[in-house]
Structure formats: structure tokens, C-alpha cells
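Report on the structure
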Amino acid sequence: MITARAAATFDPVARSVATARAFVRDTLQGWGYTDVVDDAVVLTSELVTNAVIHAGTAADVLCLRTEDGVRVEIADHYPEREIPLQPAALDLGSLDSENGRGLLLCAALASRWGVEYSPTRKHVWFQLDLPDRPVGVRSAGPLLPVGLLPVTDERVRVAVVQVDSEGAVAAWNDDAAYLFGYTADQVIGKQLTDFTAWPQTPGTSTGIADALRLSRWEGSYGIRGADGRTIPVYGSHLRVRDPQGEPSTVCLLVRDYERAVLQTPVRAPVSDTAESRKTDPFEVFIGSPAPDDLDGLLQRTVERARDMLDADAAFLLLATDDETELEVRATTGLPSARQRFARVPVEAGTGRYGSARMPAVHEDLDAVPGAVPLLGNTGMRSVVTVPLKVEGRLTGSLGVAAEAAGRYSNEEALRLQFAADRIALAVESARLGELERLRRGSLSFLVEASDLLAGTLDRDQTLALMAQMTVPTLATWCAVYTIADPASDPELSYVLHEDEERIDGLKSLLTRISPPEPVRTPGARVWAAPSEAAHEAALRTSMRSIGIGDAGGLGSTTRTTLATAAAVGGETVVLPLVARNRVIGMLTLGKPSDDHFRQEILELAEDLSRRAALALDNARLYSERTAISQSLQRSLLPPGLPAVPNVEVDVIYRAAGEGNEVGGDFYDVFPIRDGAYGFAIGDVCGTGPEAAAVTGLARHALRLLAREGFGGPAVLERLNAAILDEGTRSRFLTLLYGELWPQEDGSALLKVVCAGHPLPLRLRQDGSVEPAADPQPLLGVMEDLELYEQEFTLEPGDVLLCVTDGVTERREGTRMLGDDGLADVLAHCTGLTAGAVAARILRAVERFAAEPPSDDMAILTMRVPEPQ
């Protein structure tokens, strides 16, 4: 029979595994199922990892409470999951295998477990039964004389107070009315904090509001009675949830001197006997996490250490390779988000208390400020720390802390050191395994990054790739600054956040602050400006929002500002982008609130920045040279087509090769004198810039000679001589040159010379197609040419089509479009305008073969329109 349920969905990101662990732990502890919490969290961690990391989908976690245990279901949404067609022996894998470890743990730890498939989901569930509990108490104290028993009144009164999710009193029993003097009607609906006297200092430890939100809490405070006196009480709080899912807190309160009624028995010190070592919490823990789950191992270690010494908090730090710093890797009872991956020196503070290489006990941290930097402003007073050592080498530090002073002595330090010695080798082995996996992953990451960056010479695409490779793999957000030249200021060029809704707010924030200083010094340096600006903006926004009743009343600008502050509030680092001995920009990486970068991630980011800088500079050089090339090429093209009276003229030009605007083919239409227009279409041997240089010579020479009054043959003979004068740089070319004379009767007189060029085709109104000229020798080969001019008239409705050999020599295997194929296409263009004829010819050429054209093409059409 299911008596309670709790469900949550976790996104397919790595941090969801830790969030899922916390969800299951808090749920089971709230239900009072502490006996099975550890096994449930271990199994959840492994199965959620399979869903969000290996399957790459969101993970649905469902906890079901029964009378004798708990059932946990984890489902992924992998769409191609195959459904087994028949029962088969399930290969659970081994501890050394990447596959099947989750099922192996289920088989080892769960009372029952199973796998259920559907076409779009896979459910893995496990059942953990509560251990049999003998009738009677689970802990007992010694037999005491009656005189030493706790003193109570004529009868013990236990006040039962229920507080809703907003902190208001929802229930108040008769014993509460007797103890504190208020009737239920006087307190129900009022805030419990109005009646409490809380001993802790706000902001430095757990307050009353925090205690009411914890799944369980136990301790002393005061209740202000109706007569104004403060009554010391001992309370036990339990967080519960009603069938509609609304949380509330049940508080059991007795007079402080009657605390024995509610107080959990203090754990007796563990004696150094074989039996006690056999049941020590650390001994039970060591084998439970997956061999490669370092984070799980460390988290379980601090939780066991806290429980073993009845502490309020615990922490574990791992040493860097040079043992000069300690990196925070796991905490419990502390603000974990702002501490993770933070670094502290090994020799912090003065005296032996500041050393991480020897066990140390602080009876009161207030007497030695700064001795344990990690515990600053946390409210912790007493602490014991011990080193983790492997073969005499410092590998880390383990510590537990309490809010009360004087809680620990050398005896607790010895117990903690004994446990640390047994866990140190397992931690170091898991850490080395993590480093090896990180190094292998880093190599793969850099190889892939190099391939991607080498695959483009586009500046904007390079900037986008730089950001997309870092987010979310290396950082939560990224900004790229570029520097155009040494005299220019850094410019914000690209911004990316793993949450697209945060990009605009982040970009707005970064544009309001000065960019980081461009420094050539290699390596990552911390940049505090974004975090400070975000916090200041959030503070101003919060101050303006004072008086708003609830979060729903906040404006969109306020919510955006607060969200941006949370997204940018962590550590921000800047890496220089240096290429060819010049700083060309900065790569900025950031973390969310109070988060820090791992040193290994910063080293990987530094390697990436070197590759990205060279790719970005290559893209810059390529863009500059392409711009220069295209500018020069555009100068070789005609400025535009002149308006010819009573004649439609249209041109389509395509240069072969990426980035080329001009090739070996060229065209021109230009006025010669009043009533006369010259036109030309030619093809220089070859393609690319060398051929384009000859086209420039030919086009400008044609215009100059024609306007000097030379006829068609004389123009081409002089151009031939100019080409031959180029010597070894000369190239032969084919050229169709002509003069166009619009007539008063609506026709057009043409005089043409076809020097080795594909013949122009004439389309008549009746659909017939015929060559409009005879072939003559090409230019650039012989010195003495004898060329002649041919004259004909285009009647209204006639079309003259002139093309280069890129059109007629279009190939598909052994087939070629040819002159006949071109004539067939032109024959179906009767009645079309000059532009439509050119477009149809181009479409026919492109469709003739699947591959894109490999030669330059020019299509020049002239049509005499019919009278209206």
C-alpha cells in the first residue's frame, strides 16, 4: 500500500546527478526512512547518471513510500530503446565495466528490482525494505538511581504546534495553550517567529525560518508566553506534506529541563575494539559508491564524518599536484555552492592549527580568526581537521565542525584520523582515475576543437565556435572580446550562456562595464568586474522592490536583473587570445553564483584559447584579403548596362571558384557615340585572377578603341597586338564584338566580328534559330589577322543570344550541352523578354548536370520588342 509519493524531473546535464541524490536523500529522511537512505542514494546516483549522461535524456525520479519500505523509479526518454522480445539472461556486467553497473548495484543492494520498457521510455525500479525492528526501544541508557532521573512536573506536557509553508501557525494543542498561555484562537494564522526567541545570530547559523524548512531539526530555543516571560523549550521539528503536496512543519515542544522526553540519545564513543571497527560507519561505506564516482565517494565521506562525530558540518578538500593548495570538493552543512572548487593554501594562518599536514583541533574559532578560511562567516565555532595521506604524501584534508564551542578534543581527532587513514587510499585511487579520464577527455576535446576551428575561415563562425565549444563543457557562460588593431579598445563580439534566456541580460550587463585589460601574460586570471556589477545591479533592484508582496509582483526587468546576477555571480576568468605575437582578443569564462573553476578546466581552456586565437587571426587575415580581392575584381566589371532605345539588353554572369567575382569570361555594353552602342562578350584562356587581369585589359581597350572611331576589325586587330605585347603573360582569348544601331522603324542594325568565340544565335518570331555570324581566328595567337565585319538586322520580336563556352561545354559524364542543345533551349523562348531568355538559359545549364558548374559563364541577350 502506497502511503506517500514524491516526484521530480532532472535535466540531461551532469549536475542533475547530484541534485537527484539530494532529492532522494531529503525525501527519505523526511519520511523517517534513514535506515535505507544511503543505499537509495547510491542506486539513484548510478541510475540517474545512466539516464542524463549515457542516454542523454531527462530523468524522471519517483519515490513511493510503503508501510515496510520504499520504492524508487528512474525513467529516461531514450527514443530508440529496443524492447526485449523474449526473456533472456541479463548481463549485469562487472565492477570494471562501464555498462551494467547500475543493475549490478541494484542486484547487490535492493530487496527487489526490475526493468520495464515502453517504446519511448525505460523504467528501472528498486525496492528497499526497512530492516526488522525489535519491539521496544532502539537505544537504551544505563540503570540509574531514582534521584538521578530527569525532573518533570506532575505530568509531562508536550506542545504540538503545526506551522504551514509560510511560517504561520496552523494548529495549537491544549498542552501548548497550558505551557505558553495562548489559546488556539489567539495564535492560529500568526507567524511562529512572533512568539520565538531564537538564540543564534542571524546570518551566521541556522535561524528559525531555516529550521522550519529542514526535514528534521532538534534543539533549544525560547517561546514568549502570554505573560511576557520567555519560556526555554526543547523542540523536535519534522517536515511533512499533506495529500495535496503542501508542506508544513510539526513542532513537538517540552520545557527545556524535560528535554529527555524528546532528545535523541547521544551516540556513545566508538571504542577501539574489533567489534566496534566491524560496525564503524566508514567501514560500511567504503565499497558502496561506484569505483569511478569520486564525487559520490567524497560526499558520502563528509556525511559519515559528520554523523560519526555528531557534527553540524563536515568538509573534504583534495590537494593539488604540488601540494601547495587544497581544493574544496565536498561539504555538508555548509553553503556548498559557493565553496565548491574554491582553493585555500595548505599552510593557512599561524601555528599548528593552521596546518593541514597534522591533525588539528580548534576549541573556539573566534579565538583564532581565519585559521580555517572555509568556515569564515558560517557560525561554526569548534572544528577538528585531519590530513589524508597516501605513502606519506598529503592528498587532502577532512574536517568536521560544530556551532558550539569546545565540542571536540584529541579523542575525536584520533577517531577521525583513524577513519581518514582507511578512506585515503580509496579517495586517491578515485581521484587519479578521475584525472586520467579528464586528460583523455581533454585530448579528445582539443582534437575535435582543432578540427572544427580549422574547418572555417569565416570570422563570425569562428567566434560562434569558440563560445559553443566552451559552453557548457567548460563554463556556464562565455564572452569573446576582439581587438581590431593595437590602437583599438577591446570590443564585445560574442556572448553565449547555457540558458538562452539569459543571453540578452548578460550582454546588457557586459556592455555597461569596461572590458578586461588586454594582457599578454598566458594563463587565466580572475576578473571580478562582472560579478561585482551583477551584485550591485541586483542590490539596487532589490531595494527598489521593497514593499512588493510576493515574487509574482516583480516586473520582468527585476526578474531579469536578479536572474542575471545569479548567472554571473560566480568566478569569472579571462584568457588572452594571442596570435603572431599580438593580443587579438580575450576569452572570458564565467560560473553562476558562488561557483569556482577547477584547475584542470582552466588548463584545458588555456589550450583551447591558443588554438582559437590562431583560428580567429587566420579568419581575420582571410577576410581582409578576400575583401581586397573582391574590391579589385569588382573594378574589372562594367559599372552597369546602358539604356538602349527600343532594345532590351540583359546579362547574367557567373565566375567559377570560391570568392571570385571576375574570372576569364567577361562582357561589356557601352555607348560609343550618339545612336551607336558597342557590346562584347569574351573568354580568356583559364580562370581565376590571372585570367581576370587579361579581361580587364581587353574590356578597357575595347572601350578606348571603339570611342576613337575604329571599326570592329580594327578594334580587334589592335587588341590582338596589345595581348601579344604581354609576352609570356599573354593569354589567347575568344571574343565576340559588335556595334548596335537602333533604327527609327523599330528594328536594330548590328555589325559583329566573331573571333574564335561561340557563334551568336538569332531567335526569330517564328521560333527558328540560326547563327548570326561566321567563325574567325581567335586573338592572342597570330600577329597578322585578317578579320571582317558582318552586318544584319534584328526585326521586332527577334532575340540575339551571346554566350561563352562555359554554357555550351556544360557536361554530365560524356554528354555535353553543345551548340545544338543551346539552340533547342533558345527555340522555346519565343515571346520572352531579354531577361527571361537569359534566366531560362541559365536554368537549363544548371539542370543539365548535378554537379555545380566548374567554368565561368556569361550570357548576353538583346531583344527588339514588338510595337505596342
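As shown above, the structure is provided for reference.
What comes next concerns the included structure. (Residues numbered from 1 in each chain as written. Predicted model: local features only at pLDDT ≥ 70, side-chain atom pairs only at ≥ 80, totals over all residues. Heavy atoms only, no water.)

Section: the nonpolar core
Side chains that are nonpolar tend, in soluble globular proteins, to be buried together. Judged by nonpolar contacts, the single largest core of 49 residues is most densely connected at Met466, Leu510, Leu577 and Leu589. No other element matches the nine residues that helix H16 (residues 599-634) contributes to this core. If we skip the residues at most four places from it in the chain, Met466 touches Leu453, Val480, Leu577, Leu587 and Ala612. With 34 residues, the next largest nonpolar core counts Ala20, Val42, Leu103 and Phe126 among its residues. (Core = buried A, V, L, I, M, F, W, Y, C linked by side-chain atoms within 4.5 Å. Buried < 20%, exposed > 50% of the residue type's maximum accessible area, 1.4 Å probe, protein only. Helix = DSSP H or I, 4+ residues; strand = E, 2+ residues; numbered from the N terminus. Contact = heavy atoms within 4.5 Å.)

Details of the environment of Val163
The residue Val163 is located in strand S6 (residues 159-164) in this model. The spatial distance from the C-alpha of Val163 to the C-alpha of Ser248 is 5.6 Å, given a sequence separation of 85 residues. Every residue in contact with Val163, bar those within four places of it in the chain, is listed here: Ala168, Val169, Ala170, Leu192, Leu212, Ser248, Thr249 and Cys251.

Describing the packing of aromatic side chains
We describe a pair of aromatic rings using the distance from one ring centre to the other and the angle between the two ring planes. For the coordinates displayed, the defined rule picks out six aromatic pairs. Residues Trp172 and Tyr182 carry aromatic rings whose centres are separated by 6.5 Å and whose planes lie at 75 degrees to one another, so their mutual orientation is edge-to-face. A residue pair is termed long-range when its members are at least 10 positions apart, and Trp172 in strand S7 (residues 169-172) and Tyr182 in the loop between helix H4 (174-180) and helix H5 (184-187) qualify at ten residues. For Tyr182, a relative accessible area of 15% translates into the label buried. Each residue in the set Trp172, Phe180, Tyr182 and Phe195 is aromatic and connected to the rest through ring pairs, giving one cluster. The ring of Trp125 carries Arg71 above its face, with NZ or CZ at 4.1 Å from the centroid. Residue placement shows Arg815 over the ring face of Phe848; its charged tip is 4.3 Å from the ring centre. (Phe/Tyr/Trp six-rings, centres within 6.5 Å; stacked < 30°, edge-to-face > 60°. Lys NZ or Arg CZ within 6 Å of the ring centre and 35° of its normal.)

Considering a nonpolar patch on the surface
The grouping of Phe732, Val781 and Met782 at the surface amounts to a nonpolar patch, some 270 Å² of accessible area in total. Relative to the helices and strands, Met782 is located in the loop between strand S29 (769-771) and strand S30 (790-794). (Patch = residues over 30% accessible without salt bridge, like charges linked within 9 Å, V, L, I, M, F, W, Y side chains within 5 Å. Areas by Shrake-Rupley, 256 points an atom, 1.4 Å probe, with all protein chains shown as cover. Salt bridge = Lys/Arg side-chain N within 4 Å of Asp/Glu carboxyl O.)

Quick look at the packing of helix H9 (residues 294-308) against helix H11 (residues 410-454)
Their axes nearest at 10 Å, the elements H9 and H11 cross at an angle of 170 degrees. By the angle class used here, H9 and H11 are roughly antiparallel. For the pair H9 and H11, contact is made by Leu294, Asp295, Leu297, Leu298, Thr301, Ala305 and Met308 and by Arg415, Leu416, Ala419, Ile423, Ala426, Val427, Ala430, Arg431 and Glu434, respectively. Split into classes, the residues belonging to the contact of H9 with H11 amount to eleven nonpolar, one polar and four charged. (Axes fitted to C-alpha atoms, helices over the stretch in contact; angles between N-to-C directions. Parallel < 35°, antiparallel > 145°, perpendicular 65-115°, else oblique. Nonpolar A, V, L, I, M, F, W, Y, C, P; charged D, E, K, R; others polar.)

Notes on the pattern of salt bridges
With the rule as written, the count across this model stands at 26 salt bridges. Two residues, Glu303 and Arg300, come together in a salt bridge whose shortest N-O distance is 3.1 Å. Of this pair, Glu303 and Arg300 both sit in helix H9, three residues apart, which is roughly one turn of the helix. The pair formed by Glu303 and Arg300 is uniform in burial state, with each residue classed as buried. Taking the shortest distance from any N to any O, the salt bridge between Arg863 and Glu866 comes out at 3.9 Å. On the accessibility criterion, Glu866 (37% relative accessible area) is partly exposed. One salt-bridge network, held together by shared partners, links Arg25, Arg300 and Glu303.

Details of the sheet that holds S30
Within the open sheet, the five strands sit side by side as S24-S25-S26-S27-S30. Their pairing is antiparallel. Each edge of the sheet is formed by a strand with only one pairing partner; in this case those strands are strand S24 (665-673) and S30. Averaged over all pairs of adjacent strands, the angle between strand axes in this sheet comes to 20 degrees, irrespective of strand direction. Pairing of strand S26 (residues 733-742) with strand S27 (residues 748-755) involves eight bridges; the strand directions are antiparallel. When the bridges of S27 are listed, Pro742 appears paired with Ala748. Running at roughly 150 degrees to S26, helix H18 (residues 712-724) makes contact with S26 and S27 of the sheet. (Pairing = 2+ DSSP bridges.)

A few points about a negative patch on the surface
Judged by side-chain charge, Glu717, Glu783, Asp784 and Glu786 come together as a negatively charged surface patch. In this structure, Glu717 sits in helix H18. (Lys, Arg positive; Asp, Glu negative; His and termini not counted. Charge placed at Lys NZ, Arg CZ, Asp CG, Glu CD.)

Section: the packing of H11 against helix H12 (residues 459-470)
Here H11 crosses H12 at 165 degrees, and the two axes come no closer than 10 Å. Taken together, the axis directions place H11 and H12 in an arrangement best described as roughly antiparallel. H12 is crossed by H11, and the crossing has right-handed handedness. Facing H11, whose interface residues are Phe445, Ala449, Leu452 and Leu453, H12 presents Thr462, Leu465, Met466 and Met469. Residue classes in the contact of H11 with H12 are distributed as seven nonpolar, one polar and no charged. (Left-handed = near helix turned anticlockwise from the far one by under 90°.)

Some points on unusual backbone geometry
Residue Pro472 is bonded to the preceding Val471 through a cis peptide linkage, with omega at 0 degrees. Relative to the helices and strands, Pro472 is located in the loop between H12 and strand S18 (477-482). Phi at Asp310 takes a positive value of approximately 50 degrees, unusual for a residue other than glycine. Judged by relative accessible area, Asp310 falls into the partly exposed class, the value being 32%. Even without being a glycine, Asn646 presents a positive backbone phi close to 60 degrees. Here Asn646 is to be found in the loop between H16 and strand S23 (648-654). By relative accessible area, Asn646 is classed as partly exposed at 48%.

Re the pairing of strand S22 (residues 582-590)
When a strand is regular, its side chains alternate between the sheet's two faces. Across the nine residues of S22, nine count as buried, placing the element largely inside the fold. Relative to S22, S18 is paired through six bridges, and the arrangement is antiparallel. By the bridge assignment, Val480 is partnered in S22 with Leu587. The pairing of strand S21 (residues 572-579) with S22 spans eight bridges and is antiparallel.

On their own, these measurements won't tell you what the molecule is for.
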